[in-house]
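So you can see what is in the structure, the chains are spelled out below.
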Amino acid sequence: MRRFPVLPSTNVEAANWLLSGYPAEGAAVLAGHQTAGRGQMGNSWHTAAGLNLTLSVIFYPHFLPAIRQFELNQAIALAVRETIAAFSEDTVRIKWPNDILIGKRKICGILIQNSLSGKNLQSSIAGIGINVNQAEFAADLPHAGSLYLLTGRTIDLEAIMQELFAQLEAWYLRLRQGHTPEIRAQYLQHLFRYRESHPYLYPDGSAFSGTIMDVDPTGRLMVATEKGVELFGIKDLAYLL
Ligand code: BTN
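All values reported here derive from a predicted model rather than from experimental measurement.

1. Some remarks on the side chain of N131
Of note, N131 is situated in the loop between β7 (120-130) and α3 (147-151). Using a relative accessible area of 3% as the deciding quantity, one classes N131 as buried. Among the polar contacts made by the side chain of N131, one reaches the main-chain carbonyl oxygen of G145 at a distance of 3.0 Å. Discounting chain neighbours no more than four positions away, the residues touching N131 are W45, T47, N52, K106, I107, F137, G145, S146 and L147.

As structure tokens, this is what we get:
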């Protein structure tokens, strides 16, 4: 593991490590603070210094065809969900594709960056940002939360990191051993708003009512609407929280 007090982004550092050497599977880059943290869809990821877990873990999922890469997202989301659940009495859910929520508060974001070799995955950088002890969030992040805000307890960052590594190992092994049905079933079991009717927005801002029915093998959300079952990529719908 490489630990840094400050980095631009642990995902960028992990990518540089992959270019300059051959880190072992499970090698991690940890930062006390990030100055240019990356989020999904080109967003940035801001957290307060020293209060949260920000790390990236390197995997070599050579066994996984690229068309099934969402199974890696599912396994990692399940590992992080279980880690957070170990430190909270509340229900912890996965918001598709891989945010982790308690209630409607986002406690963790995950950014997975894959590289391919032929038809299979070559390497994956799983960037994980868990909001642990941060007590205040910017006003423009109304749905951000932390374990501290939701449980009232300060959590030892080393303890939650050890739990995270144990869970990542367990779920990654399940993936490698081909336990796809269990991973899919567990992902749906913990999926936020699964089989409930809620309003969503199309990219043009128009609202519709839909019920999440499933996630297809490529990771698209399958939502029953008045038009039938529609498939959505990450940019194709917005949740209304
Ligand atoms: C998201 O919800 O948009 C994903 C956020 C991912 C943040 C983590 S923090 C550690 C790692 N390094 C980064 O630059 N991003 C990820």
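That was the structure; now back to the text.
2. A short note on the pattern of salt bridges
In this structure the tally under the stated criterion is eight salt bridges. For R184, the salt bridge is made with D214, and the minimal N-O distance between the two is 3.2 Å. Residue R184 is located in helix α5 (residues 180-189), and its partner D214 is located in strand β9 (residues 207-215); the two are separated by 30 residues in the primary sequence. Measuring nitrogen to oxygen at the nearest pair gives 2.9 Å for the salt bridge that ties R220 to D216. Linked through salt bridges whose partners overlap, the residues forming this network are K95, D99 and K106.

Conventions adopted
Here the residue numbers are simple positions, counted from 1 along each chain's written sequence. With the structure being a predicted model, the display of local features is reserved for residues of pLDDT at least 70 and the display and counting of side-chain atom pairs for 80 or more, all residues being used for whole-chain, interface and lining totals. To get the side-chain values, take all heavy atoms of the structure and skip hydrogens and water. Starting at the N terminus, helices and strands are each numbered in turn, a helix being any DSSP run of H or I of at least four residues and a strand any DSSP run of E of at least two. Here's how the labels work: a residue is buried when its accessible area is under 20% of the maximum for its type, exposed when over 50%, partly exposed in between, all with a 1.4 Å probe on protein chains only. Two N or O atoms count as a polar contact when they lie within 3.5 Å, although within protein this holds only if one can serve as hydrogen donor and the other as acceptor, and sequence-adjacent residues are included solely when both atoms are side-chain atoms. In what follows, residue pairs with any heavy atoms lying within 4.5 Å of each other are defined as contacts. Any carboxyl oxygen of Asp or Glu that lies within 4 Å of a side-chain nitrogen of Lys or Arg is treated as forming a salt bridge with it.

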